[in-house]
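# Observations on chain architecture
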Amino acid sequence: MSSAPGWPGYRAEPSCDPGESRVFPAPVPTELRALGNDVRAADWPVRLAFRGSRTALLDTLCRWQTLRALAYVHLLAARTGDERLPADLRVVPDPEAAGDPGLPELLARLEKAAAGLPADLLDPVVCDSGGLLADNRFAASVLAAGLTADSRPGDPDEAVSRAVVLTGYWYEVPGLRGALALAWSANLFVRSWLGWSRRFVYGDPAGGIGITSDPRPPRPAASDLPQWAAPLLDRIGQGDGAGR
């Protein structure tokens, strides 16, 4: 077990393949843990619409939520970052905010934090998204339930509407599946990180993250993922994550 230089929030078992590394979170400070529920919440659409502008909007929301969750992992792992990052993480992705002229700058900051993560942390997120993209008849249900629960809907009707809409987009717009799967997988990674950090001290051989799927799915092809995932894939391709 080796410490990750400059990353005091976790340790990793080295591997020649970052996708096979086991990651062990350190205890999470109270103030940082308090962000854990909020950072997984996004205001997903409650009405289906298949015109191009609406599918592009959902892609933007998926990108925003994926980068947001991964930027939070950056704080969990590094315990520091851009001083604006905590405030950026509190901005909830929603259809109206997606039109804000300041969004490109916010997304650029989130992407910098996300793509700056070690490969050991990015690769499990990408691989787990591949598990949904594989031939799995339950994928739409799993994704819709997970993203809807994380969004913390205000009432049962809103929850049902979000789940139905996300399921509908999964089946009717296959081109959105990669974006939806990454948003789901990034949220899952955050949830797993916080769960393991409560139950185990880092280094405990019975615990770890990067084992959210067993066996872990293979990495999906770049063509199965949205173009905005390219910086994340490039980082994984460098293979210079922690624990090396």
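Treat the numbers as computed from the prediction; the structure is a model and nothing was measured. Within each chain, residue numbers correspond to sequence positions counted from 1 in written order. With pLDDT at 70 or above as the cut-off, local features in this predicted model cover only qualifying residues; side-chain atom pairs require 80 or more to be listed or tallied, and sums for whole chains, interfaces and linings still use all residues. With hydrogens and water excluded, all non-hydrogen atoms of the structure serve as input to the side-chain values.

## Thoughts on the overall build of the protein chain
A run of DSSP states H or I qualifies as a helix once it reaches four residues; a run of E qualifies as a strand once it reaches two. Both are numbered from the N-terminal end. In terms of helices and strands, the protein chain carries 10 helices and three strands. When the helices and strands of the protein chain are listed from N to C terminus, the series reads β-β-β-α-α-α-α-α-α-α-α-α-α. Relative to its 244 residues, the protein chain shows a buried fraction of 52%. What makes two residues a contact is simply this: any of their non-hydrogen atoms within 4.5 Å. A fraction of 78% describes how many contacts in the protein chain between residues 6 or more apart in sequence connect residues 24 or more apart. Where accessible areas are quoted, they stem from the Shrake-Rupley method and a 1.4 Å probe; at the residue level, only the protein chains shown are allowed to cover. Element-wise, carbon and sulfur atoms account for 52% of the exposed surface of the protein chain, whose accessible area totals about 10,800 Å². Remark: exposure states derive from per-residue accessible area (1.4 Å probe, protein chains only) relative to the maximum for the residue type, with buried under 20%, exposed over 50%, and partly exposed in between.

## Re the layout of surface pockets
Each pocket or cavity is described by its volume, and for the largest pocket that value is around 240 Å³. Only protein atoms enter the 1 Å grid, on which a cavity is a set of points fitting a 1.4 Å probe that cannot get out and a pocket is an open set with protein on both sides within 12 Å along at least 5 of 7 lines, lining residues being those with an atom within 4 Å of a point. Leu132, Leu133, Trp170, Pro174 and Arg177 are the residues nearest the centre of the largest pocket, which is lined by 18 residues in total. Only helix 6 (119-133), helix 7 (139-150), helix 8 (156-172) and helix 9 (177-199) provide two or more residues apiece to the lining of the largest pocket. Across the lining of the largest pocket, the residue classes tally to 10 nonpolar, four polar and four charged. Grid points are joined across faces, edges and corners, and a volume is the space filled by probe spheres set on the points. Residues are sorted three ways: Asp, Glu, Lys and Arg are charged, Ala, Val, Leu, Ile, Met, Phe, Trp, Tyr, Cys and Pro are nonpolar, and all the rest, Gly among them, are polar.

## Description of the packing of aromatic side chains
A pair of Phe, Tyr and Trp rings is counted when the ring centres sit within 6.5 Å of each other, with Trp represented by its six-membered ring. The angle between the planes then sorts it: under 30 degrees is stacked, over 60 is edge-to-face, the rest tilted. Scanning all chains against the criterion turns up three aromatic pairs. Judged by centre distance (6.0 Å) and plane angle (65°), the rings of Tyr10 and Trp193 are edge-to-face. Residue Tyr10 is found in strand 2 (residues 7-13), and its partner Trp193 is found in helix 9; the two are separated by 183 residues along the sequence. Residues Tyr10 and Trp193 agree in their burial class; the two are buried. Here the aromatic rings of Phe50 and Tyr169 are separated by 5.7 Å at their centres, their planes lie at 80°, and the arrangement is edge-to-face.

## Regarding the environment of Ala115
With respect to the helices, strands and loops of the structure, Ala115 is situated in helix 5 (residues 103-115). Spatially, the C-alpha atoms of Ala115 and Ala71 are 8.5 Å apart, while their sequence positions differ by 44 residues. Residue contacts for Ala115: discarding those within four places in its chain leaves Leu122, Pro231, Leu232 and Arg235.

## Re the packing of helix 7 against helix 8
Running from amino to carboxyl end, helix 7 crosses helix 8 at an angle of 140°, the nearest separation of the two axes being 9 Å. By the angle between their axes, helix 7 is oblique relative to helix 8. Considering how the two elements wind past one another, helix 7 and helix 8 form a crossing that is right-handed. Residues Ala139, Ala140, Leu143, Ala144, Leu147 and Thr148 of helix 7 touch helix 8, and the partners they reach there are Ala159, Arg162, Ala163, Leu166, Thr167, Trp170 and Tyr171. Residues belonging to the contact of helix 7 with helix 8 are distributed by class as follows: 10 nonpolar, two polar and one charged. Axis definition: a line fitted to C-alpha atoms, over the contacting stretch in the case of helices. Angles run 0 to 180 degrees between N-to-C directions. Here is the rule for angles: anything less than 35 degrees is roughly parallel, anything more than 145 is roughly antiparallel, 65 through 115 is roughly perpendicular, and the remaining ranges are oblique. Working rule for handedness: look at the near helix, and if it is turned counterclockwise from the far one by less than a right angle, call the crossing left-handed; if clockwise, right-handed.

## Here we look at the side chain of Thr55
Topologically, Thr55 is positioned in helix 3 (residues 52-78). By relative accessible area, which is 15% here, Thr55 ends up buried.

## Let's talk about helix 7
With 12 residues, helix 7 ought to run about 16 Å at 1.5 Å a step, and its terminal C-alpha atoms sit 17 Å apart, in line with that. At the exit of helix 7 stands Arg152, carrying a positive phi of roughly 50°. Each residue after the first adds 1.5 Å to the expected span of a helix.

## Focus on the nonpolar core
We call a set of buried residues a nonpolar core when its members are Ala, Val, Leu, Ile, Met, Phe, Trp, Tyr or Cys and they connect through side-chain atoms within 4.5 Å of each other. Ranked by size, the top nonpolar core spans 72 residues in total, and within it Trp44, Tyr72, Leu89, Leu110, Leu121, Leu180 and Trp193 carry the most contacts. No other element matches helix 3, which puts 15 residues into this core. Discounting chain neighbours no more than four positions away, the residues touching Leu110 are Trp64, Leu67, Arg68, Ala71, Leu85, Asp88 and Leu89.

## Quick notes on helix 9
Since there are 3.6 residues in each turn of an α-helix, residues three or four apart along the chain are aligned in direction. Taking 1.5 Å as the rise per residue, helix 9 with 23 residues should run 33 Å; its terminal C-alpha atoms sit 33 Å apart, in good agreement. Summarising burial for helix 9: 18 of the 23 residues are buried, a large majority.

## Observations regarding the environment of Gly81
Tracing the backbone shows Gly81 in the loop between helix 3 and helix 4 (85-89). Residue class for Gly81 comes out partly exposed when judged on its relative accessible area of 37%. Gly81 sits 10 residues away from Ala71 along the chain, and the two C-alpha atoms are 9.1 Å apart.

## What to know about unusual backbone geometry
Its identity is not glycine, yet Arg79 carries a phi of approximately 65°, on the positive side. By secondary structure assignment, the location of Arg79 is in the loop between helix 3 and helix 4. Notably, Arg152 is not glycine yet its phi reads approximately 50°, a positive angle. Tracing the backbone through its elements, the reader meets Arg152 in the loop between helix 7 and helix 8. Under the relative-accessibility criterion, Arg152 is labelled partly exposed at 46%.

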